[in-house]
Amino acid sequence: MQRTTHRRRPLARPVAVSLAAVVALTATSCAKSEDDTSSDTTSSAADAAQKVASPAPGGKTCTVDAYGGAKLDLAKATVGFSQSEKEANPFRIAETQSIKDEAKKRGVKLLTANAQSQFSKQISDVQDLLAKGADLLVIAPLNSDGWDPVLQAAAAKKVPIVTIDRKINATACKDYVSFIASDFVEQGRRAADQMIEATGGKGEVAILLGSAGNNVTTERTKGFKDRIAEKAPDLKVVFEQTGEFAREKGQQVTEQLVQSKPGIKGIYAENDEMGLGAVAALKGAGKKAGDVEIVTVDGTRNAVQGIVDGWISGVVESNPRFGPLAFQTLDTFTKGGSVAQDIVIEDGAYTEDNAEAGIGKAY
């Protein structure tokens, strides 16, 4: 397989940001996608677990008293979980399974709903969870805006909300308790570092943008562009189009890209599914592995296998196993303890140097 002559070096983990205490929790699920061709290599649960980045001094926290709720026993509570997207994406499969596994482990009654990538349905889903008696809510938002009806309904019933992986544009410790996610700007920076290493910092690159209307897309794009401007001014972003975080759409956009920009040197896909779609498009266009450097974000097994096979240059991890950390946050909060308003996960990365050995950690 033809590969670039620019050897990629292992990347340092990001500088950590806020939490009241560092928590290392046991992971529960490594879901596979339907076309998973990875090996059966496994890693320890501790290796796959979400780990919280070190707290920033003076990070804002939230308590039941400040939020206006009441203490309760999580083991006797009903938790409602709202998933935003169809569970065809490995990230969503692993995320939902992690929530279910942790609820079962703790003996907590769990109500679930899936919005099937329809925002209006997600709003009605959460309202229905409240109507069914949810005492606490964990929400994976589809969009960042438009949550007023839910926030008002939850506030009227004094139901605490924890959001995961995407942010709601609202006030922490008033409208919701905590937001748990990766540092998406840092993910974009680290993807840029991988792209610079893979391309030598010169040439034309494209961005397959995630879905519009959420902070993940905005922040991953900002981090990537800012780092390119800072470190590699000869690397030019000449194409940007949304692939909607979907493999099929990523393939379609890349098919257009190779026709309009045949000299493209690199593709930054803001999630693995779009990156895998880009691989399919490049294969269909007669390209060879390494002709176009692809960098993605997530850490699915198929994407990590893509590094092993030579089609993907690097993957920045975005760990979807929110169950243990989300329930630990709720448990601490409902007992009257203090929790961080922003809980930032420490993510790893996959390169040609560690992909084969680390594939068991992928999901």
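Coordinates for the structure precede this section.
Cut-off values and rules
Residues numbered from 1 in each chain as written. Predicted model: local features only at pLDDT ≥ 70, side-chain atom pairs only at ≥ 80, totals over all residues. Heavy atoms only, no water. Phe/Tyr/Trp six-rings, centres within 6.5 Å; stacked < 30°, edge-to-face > 60°. Helix = DSSP H or I, 4+ residues; strand = E, 2+ residues; numbered from the N terminus. Buried < 20%, exposed > 50% of the residue type's maximum accessible area, 1.4 Å probe, protein only. Contact = heavy atoms within 4.5 Å. Axes fitted to C-alpha atoms, helices over the stretch in contact; angles between N-to-C directions. Parallel < 35°, antiparallel > 145°, perpendicular 65-115°, else oblique. Left-handed = near helix turned anticlockwise from the far one by under 90°.

Draft legend 1. Quick peek at the packing of aromatic side chains. Tallied over the full model, the rule gives 4 aromatic pairs. Considering the side-chain rings of tyrosine 67 and phenylalanine 333, the 5.7 Å spacing of their centres and the 85° angle between planes classify their relative orientation as edge-to-face. Of this pair, tyrosine 67 sits in helix H2 (residues 64-67) while phenylalanine 333 is found in helix H11 (residues 323-334), placing the two residues 266 residues apart along the sequence. Both residues of the pair, tyrosine 67 and phenylalanine 333, belong to the buried class. Centre to centre, the rings of phenylalanine 224 and tyrosine 268 are 4.1 Å apart; their planes meet at 15°, and the pair counts as stacked. Here phenylalanine 224, found in helix H7 (residues 215-231), pairs with tyrosine 268, found in strand S10 (residues 266-269); they are 44 residues apart in sequence, far enough to count as distant. Exposure remark for phenylalanine 224: the relative accessible area of 0% places this residue in the buried category.

Draft legend 2. How the structure looks around the side chain of asparagine 215. Inspection of the secondary structure assignment puts asparagine 215 in helix H7. Of the residues examined, asparagine 215 reaches a relative accessible area of 9% and is grouped as buried. Once residues within four sequence positions are removed from consideration, asparagine 215 is found in contact with Ser144, Arg166, Lys167, Phe179 and Phe184.

Draft legend 3. How the structure looks around the packing of helix H6 (residues 184-199) against H7. The interhelical angle for the contact between H6 and H7, taken along N-to-C directions, is 45°, at an axis separation of 7 Å. In terms of their interaxial angle, H6 and H7 are classed as oblique. Seen along the crossing, H6 lies across H7 with a hand that is right-handed. Seen from H6, the contacting residues are Phe184, Val185, Gln187, Gly188, Arg189, Ala191, Ala192, Asp193, Met195 and Ile196; seen from H7, they are Asn215, Val216, Glu219, Arg220, Gly223, Phe224, Arg227, Ile228 and Lys231.

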